[in-house]
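Reading the structure
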Amino acid sequence: MKARQRVIYIILTVSLCALAMGIVDAIVKPPYFIKSLIKIALFMVVPLLYFALNRGEFKSFKRLFVPEKKMLFRAALLGVGVFAVIIVTYLVCRNIYDFSTVAEKLTSDSGVNADNFIYVSIYISFVNSLLEEFFFRGFAFITLKRESSRLLAYIFSSSLFTLYHIGMTSGWFNPLLLVLMLVGLFIGGCIFNYLNEKSENIYMSWLVHMCANFAINLIGMFLLNNM
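Residues numbered from 1 in each chain as written. Predicted model: local features only at pLDDT ≥ 70, side-chain atom pairs only at ≥ 80, totals over all residues. Heavy atoms only, no water.

The next thing to look at is unusual backbone geometry. With phi around 50°, Lys29 is a residue other than glycine that occupies positive phi space. Within the secondary structure layout, Lys29 lies in the loop between helix H1 (3-28) and helix H2 (32-53). (Helix = DSSP H or I, 4+ residues; strand = E, 2+ residues; numbered from the N terminus.)

Right, here's the structure in full:
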């Protein structure tokens, strides 16, 4: 595959996979287990096919999963900070906005409830976050940046990461909160890209993403238990 073909492949497949997951989340709404299998097929198999077709990229692929110990401590500290910010933001906003809609949508759209939430939250925190980091940062950013420009990789990866969440959170928030969430996701995507850019592995952003999910899951558990 030539360089231009590789760029087209990455942009096209990431766009189509993100769109497909958006449709699954917002329209199809299968049980969470089925949705997770679909996401694994789209977010893992499609990038792996790219690396299988481009054997010269295999060394770069392996590097995505080689951690740098000196960077992990910084990521852990940043992750703790992100965890705290999310929890504090929720505590400040819960008297302003009624978050009960979020719990209702989780239950009605995905079948997530207080009984199975602990298992879902473990999957989201460890597996789902790694899957998204591999797809949006390892494939849509690091790999694309190597084949195109830094600016394109930053904008494309962060934009698709943001748009992908629209289907997932459809109907959760009012328009103002939705816009704020999308802006935050785009900025967060850029920060995640920056964390991984120098090391060219996904562990920095994965640790921060994991901590953010811990906080969101803790809030989700509280909401479900108080339905």
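What follows covers the packing of aromatic side chains. Overall, the coordinates contain 22 aromatic pairs when judged by the stated rule. Ring centres 5.7 Å apart and planes at 40° place the aromatic pair Phe65 and Phe134 in the tilted group. Remark: Phe134 occurs in helix H6 (residues 117-147) and Phe65 occurs in the loop between helix H3 (58-63) and helix H4 (69-93); sequence separation between them is 69 residues. Across from the ring centre of Phe161, 4.2 Å away, lies the NZ or CZ of Arg137, which sits over that ring. (Phe/Tyr/Trp six-rings, centres within 6.5 Å; stacked < 30°, edge-to-face > 60°. Lys NZ or Arg CZ within 6 Å of the ring centre and 35° of its normal.)

Before going further, it helps to spend a moment on H1. Its 26 residues place the ends of H1 36 Å apart at the C-alpha level, agreeing with the 38 Å of an ideal helix rising 1.5 Å per residue. Listed in full, the buried residues belonging to H1 are Arg6, Val7, Tyr9, Ile10, Thr13, Val14, Cys17, Ala18, Met21, Gly22, Val24 and Asp25. Residues of H1 that are buried make contact with H2, H6 and helix H7 (150-168). Looking one or two residues past H1, Lys29 carries a phi angle of roughly 50°, positive in sign. (Expected span 1.5 Å × (residues − 1). Buried < 20%, exposed > 50% of the residue type's maximum accessible area, 1.4 Å probe, protein only. Contact = heavy atoms within 4.5 Å.)

What is shown is where atoms sit, not what they do.
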